[in-house]
Every structure is written in structure tokens, then in C-alpha cells.
Amino acid sequence: MRFWETFSYRLGFKQKPSRTGLDDEMPERLRNALWNFLSEAILKVEDGDTKLAYHTWTRFLGQANVDYSTTRPLVFIRNEIYKFEAHEMLSFIEWLHSNLLSIFRPQPGFYAELHPGDIQNAVNDVFEEHLYPYRMIDGLFVPVSSSEELESLQSTIDNVKESPAAQNFRKAVAYMRGPDADYPNSIKESVSALESLVREMTGKKTLGEGLKQLGKDGAIPSLLKESADKIYAYSCDEAGIRHGGIGSSDAAFPEARLALVVCSAWINSLKPKRLKQE
């Protein structure tokens, strides 16, 4: 049971958290939950607080080193984190996820009980609990607000691994990020990821030709195939994404999110059929 499903929230004595965005102040309860996880995690590592304080201050914030003898490193880190804007907090977590192993490099005979996957899983659990509309996928935050969508997108990355489809899909996810999000290119890469897998399965040159072949082979029901046909037709329209004739004002977040989730679902459904071909 989540905290907002308990008696006080059900009966209206307390207000259920709303889905805030990066332009809003990060709710204090959510910030506290992130700090509670982070502080507990770094204390598992030998000299973890000192190492993280040093790297946070010098590498992430780009400041000159300071003397930690007058301030406990854990208190120092907390003070800085509680100053972060919402977008800075997410940037910090991405940076920590990416640089974790270099910061907490295990010494001989010492095992660091902290891994990038631990951060991703824990942060996603916290965001799910607090209804925060972002999730970390492959080390990057994207605007995904349900566990079902997160599971589908993560499964896609796991399924296609290092194939050309994986490269396209990772780009599609990356283009969904932050104030410089490029939704037309995200749609393009989502469709290209699906096309890469279908071409690999059928040997056809385009997604449209490959879908026809899969339909003839009975690999996909004809009625379901229409959904993939239509998203491909949308991306290939004369003014469409793949011809560079559509601007970011025309392809917005809802369309990019739809393309990402739909193409993810198609890739996940086709992957078992591909494995049977091998």
C-alpha cells in the first residue's frame, strides 16, 4: 500500500500528491525520500560520504575543493542536494548513475555494495510511490508515468540488446529528455527501431514491406498489423517525420510518447517470433 492510499488520504484529511513536472518545485516528501535512499546507500561504501562529497563538489558542480574537516561530508552533500531545482536533482542522479563505479572504485579485498542498477531501480520505485512523471531507463530520465510503460520500454532495451534496433531505440528515448527534447526525431528513431527488427526478420528493405511479409507468414494478425502500418504511414507522409518536413511545433510530446510506447510494444511482441526463426 502506498502512503497516499492510507486512511487519511482516502477520506480526504490529507491531499494525494499530484503529478508535478520539472517546472514545479519538487515536493518535499519526494526530495526526502530520494535523500533517504542516497544517504543510506553511500554509507554502505567505505568512505562513501567523503568520496561522493568530493566528486559532487568538484566534478558535478565544478567547484574548487573544500576542507571537509569542519563539515561532515554527509551533511555537506545534503545541504547541496536540498538546494537543487527539480531538473538539477534528476541531472545529479543521472550523473551519479553514470559515474558510480569510477567514484566508488572497489579496493582490493573490499566490495562496494552499490551498483548503477540499484540506483535506477530504487529511484524508479520512489518516483512510482510519489506519482512523479519520470522514470530512469538505461540510465536516463524520460517522461514515463506508469510502471507498465516503464516495464515495456525497459524490456525493449533488454530484448534488442546491441542490435541496430537498440541503437535506434536508445536514441528515441534520449530525444524525449529535458527542455531540449526533439520529438520529431524521437518518433523517427522509434519507428526506425521497429523497422530494423522487421528488416532483420524478413530481409525486406522497408518496414511496410516487412509488415506485409509478416502478415503473409501469419506471424502477426492482420487487424493488429494495421496499427503498425498506420504509425509507419504517419512517419512516411510527405510532410512526415522521416522526410524532415515536420517541425517540433507539429510533433509534440503526446505523439512522441505514443510512438515510443507503440513501437516498444511491437518490438517486444515480435522478439519471441524472431527467436523461433533462429
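None of these values were measured; they are calculated from a predicted model. (Residues numbered from 1 in each chain as written. Predicted model: local features only at pLDDT ≥ 70, side-chain atom pairs only at ≥ 80, totals over all residues. Heavy atoms only, no water.)

S.K.: Just to check I follow, could you spell out the overall build of the protein for this structure?
M.R.: Secondary structure assignment for the protein yields twelve helices and two strands. Along its sequence from the N terminus, the protein presents helices and strands in the succession α-α-α-α-α-α-β-β-α-α-α-α-α-α. Within the protein, the proportion of its 278 residues that are buried is 46%. Of the contacts made within the protein by residues no fewer than 6 positions apart, 59% connect residues no fewer than 24 positions apart. Accessible area of the protein: about 14700 Å², with a carbon and sulfur share of 50%. (Helix = DSSP H or I, 4+ residues; strand = E, 2+ residues; numbered from the N terminus. Buried < 20%, exposed > 50% of the residue type's maximum accessible area, 1.4 Å probe, protein only. Contact = heavy atoms within 4.5 Å. Areas by Shrake-Rupley, 256 points an atom, 1.4 Å probe, with all protein chains shown as cover.)

S.K.: Explain the environment of Phe3 here, please?
M.R.: Here Phe3 lies in the segment before helix H1 (7–10). As a C-alpha pair, Phe3 and Lys16 span 13 residues in sequence and 9.0 Å in three-dimensional space.

S.K.: Help me understand the packing of aromatic side chains in this model?
M.R.: Here the distance between the centres and the angle between the planes together describe a pair of aromatic rings. Under the counting rule described, the total for this entry stands at eight aromatic pairs. Plain terms: the ring middles of Phe92 and Trp95 are 5.9 Å apart, the flat faces sit at 25° to each other, and that makes the pair stacked. Linking Phe92 with Trp95, this pair stays in helix H5 (residues 86–103), spanning three residues, or about one helical turn. By relative accessible area, Phe92 is classed as buried at 1%. Through a chain of ring-to-ring contacts, the aromatic side chains of Phe60, Phe84, Phe92 and Trp95 assemble into a single cluster. Cation over ring: Arg78 sits above Tyr82, and NZ or CZ is 4.0 Å from the ring centre. (Phe/Tyr/Trp six-rings, centres within 6.5 Å; stacked < 30°, edge-to-face > 60°. Lys NZ or Arg CZ within 6 Å of the ring centre and 35° of its normal.)

S.K.: Even after reading the chapter, I still don't get the confidence of the model for the protein, so can you show me in this structure?
M.R.: Parts of the model with low pLDDT should not have their predicted coordinates read in detail. Put simply, the protein has an average pLDDT of 77, and 77% of its residues get 70 or more. Across the protein, the secondary-structure element scoring lowest on mean pLDDT is H1, at 73, and the one scoring highest is helix H9 (residues 183–202), at 89. Per-residue pLDDT stays below 50 along residues 107–111; that stretch engages in two contacts with residues further than four places along the chain or on separate chains. Between residues 244–249, whose pLDDT stays under 50, and residues either more than four places distant or in other chains, the model counts ten contacts. (pLDDT = per-residue confidence, 0-100.)

S.K.: Looking at this model, I keep getting lost on the pattern of salt bridges. Mind explaining?
M.R.: If charged atoms from side chains of opposite charge come close, those side chains can pair. Under the definition given, this model contains three salt bridges. With a shortest N-O distance of 2.8 Å, Arg135 and Glu128 are connected by a salt bridge. For Arg170, the salt bridge goes to Asp138, with nearest N and O atoms at 2.5 Å. You can see Arg170 sitting in helix H8 (residues 164–174) and its partner Asp138 sitting in the loop between strand E1 (135–137) and strand E2 (140–142), a full 32 residues away along the chain. (Salt bridge = Lys/Arg side-chain N within 4 Å of Asp/Glu carboxyl O.)

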